[in-house]
Amino acid sequence: TACDGDRGRGKTSGRYGKSWGNKENKVADWRVLVETATVTSGSVSKDLVTHGRLESEAMADITPETAGVVTEIRVEEGDLVRKGQVLGVLSNPSLEAGSERASVELAQAQRRFDQSKKLHETGAISDTEFLEAKDAFEIAQTGYKEASGARGFTRLTSPVDGTVAVRNVRLGELAGSAAPAFQVVDLDRLRVIVNLSEGDLDNLQIGQPVSLAGTYNKTVRANGTVLRISPVVDESTGTIRVTIAVEPMTKDGPQLRPGQFVEVRIEVDRHDDVVTIPRKAIQWLDGAPIVWRVIDKPEGDDDDD
């Protein structure tokens, strides 16, 4: 770096600012150490950067449809479960008694109907009596189905395949519809929903590649694609809703988890095989980007002049 003009005490001259004219005859060295990098050929992309929270496409809160005492807990947090698998069992004496009563009533109605059918075939009873027995049997069937279904409310089952994320119940406590007993999520079907400015709409397309990283741990990464773009702009915020599907991650290393806040980079443009330099090498002068180039010293240039 060439330095010209006066700096502090004494006059400066020469390539590296050799100083003279002061009483102590000291030399002021104005050289600046810089780091250089080689210009290379590579790829350059334009990204839209935002943040969002991960969630699962398939996530279910299993809430008891009736109150009951927890008598069985068959899974724990982190367990893999299948659709229809029983997670826990409640005890409700009222529902259990109702189911048993409906079962007895159905058996009685079945016997009466069978007897009426035989008597009707021989002409021993009228059509009206036979139809009354038939109606009673059908009503008993309906009552038994209702009672059996209500008793099934005491068996908490998973509606999806996934992993148990939350267990909120304990053995012996009373569980009810006030809070979910379990939460099951599918960790292979993650998504993140972000809101982008209306001005970015022209740059967005379904299928664009997306890279995600943990906001507080950049080493935890995942890839995804733009899955859906809302057809309307939120008039209150001037933003558009974009849904990003996250590709399944390997089970070996750290993983992004539902509920985690992540950095989202949507690649909207890309140029391959172009001249590239480090971003930190770019400086700005009057609003325009500039870079400095290192050149060899001209022959005959004397640093002491």
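Conventions adopted
- Residues numbered from 1 in each chain as written.
- Predicted model: local features only at pLDDT ≥ 70, side-chain atom pairs only at ≥ 80, totals over all residues.
- Heavy atoms only, no water.
- Pairing = 2+ DSSP bridges.
- Helix = DSSP H or I, 4+ residues; strand = E, 2+ residues; numbered from the N terminus.
- Contact = heavy atoms within 4.5 Å.
- Polar contact = N/O pair within 3.5 Å; in protein donor to acceptor, adjacent residues only side chain to side chain.
- Buried < 20%, exposed > 50% of the residue type's maximum accessible area, 1.4 Å probe, protein only.
- Salt bridge = Lys/Arg side-chain N within 4 Å of Asp/Glu carboxyl O.
- Core = buried A, V, L, I, M, F, W, Y, C linked by side-chain atoms within 4.5 Å.

### Concerning the sheet that holds strand β8 (residues 155–157)
A sheet is described by the order of its strands in space; here four strands give the open sequence β8-β7-β5-β10, paired in antiparallel fashion. Each edge of the open sheet carries a strand with a single partner, namely β8 and β10 (174–175).

### A closer look at the environment of Q183
Mapped onto the elements, Q183 comes out in strand β11 (residues 182–185). Spatially, the C-alpha atom of Q183 lies 5.7 Å from that of A60, the residues being 123 residues apart in sequence. Those residues in contact with Q183, other than ones at most four positions away along the chain, are M59, A60, D61, T163, V164, A165 and V166. A distance of 2.9 Å separates polar atoms of two side chains, one belonging to Q183 and the other to D61.

### A short note on unusual backbone geometry
Located in the positive-phi region is D273, a residue other than glycine, with phi close to 55°. Its place among the elements puts D273 in strand β16 (residues 261–276). Overall, D273 belongs to the exposed group, its relative accessible area being 65%. Phi at D286 takes a positive value of approximately 55°, unusual for a residue other than glycine.

### A word on the pattern of salt bridges
Across all of its chains, the model carries 13 salt bridges by this definition. With its nearest N and O atoms 2.8 Å apart, the salt bridge here joins R167 to E76. Of this pair, R167 sits in strand β9 (residues 162–167) while E76 is found in the loop between β5 (68–73) and β6 (80–81), placing the two residues 91 residues apart along the sequence. The partly exposed category is assigned to E76, whose relative accessible area is 38%. E263 serves as the salt-bridge partner of K218, at 3.2 Å between the closest nitrogen and oxygen. Here K218 is found in the loop between β13 (209–214) and β14 (221–229), whereas its partner E263 is found in strand β16, with 45 residues between them in sequence. Each of the salt bridges in this network shares a partner with another, and the network as a whole consists of D47, K218, E263 and R265.

### Some points on the nonpolar core
As a rule of thumb, nonpolar side chains are buried together in soluble globular proteins. Membership of the largest hydrophobic core comes to 22 residues, with the highest contact counts inside it found for V264 and I266. Secondary-structure elements contributing two or more residues to this core are β3 (40–56), β12 (190–197), β13, β14, β15 (239–246) and β16. Those residues within four positions of V264 in sequence are excluded, and the remaining contacts are L48, V49, T50, H51, G52, V192, V194, V210, S211, L212 and I244. Judged by nonpolar contacts, the second largest core, of 14 residues, contains V81, L87, V169 and V184.

### Brief notes about the pairing of β9
Direction of pairing for β6 relative to β9: antiparallel, over a ladder of two bridges. The partner of L80 across the bridge, within β9, is T163. Across four bridges, β9 lies against β11 in antiparallel orientation. Within the sheet, the bridge partner assigned to R167 lies in β11 and is F182.

### Focus on the side chain of T243
By the element assignment, T243 lies in strand β15. Relative accessible area serves as the criterion here: at 4%, T243 is assigned to the buried category. For T243, the contacting residues outside a window of four places in its chain are R191, V192, I193, T225, V226, L227 and R228.

### Regarding the pairing of strand β4 (residues 59–62)
For a regular strand, side-chain orientation follows a simple rule: the groups alternate between the two sheet faces. Along β4, the buried face is formed by A60 and I62; none of M59 and D61, which line the opposite face, is buried. The pairing of β4 with β11 spans four bridges and is classified as antiparallel. For A60, the partnering residue across the bridge sits in β11 and is V184.

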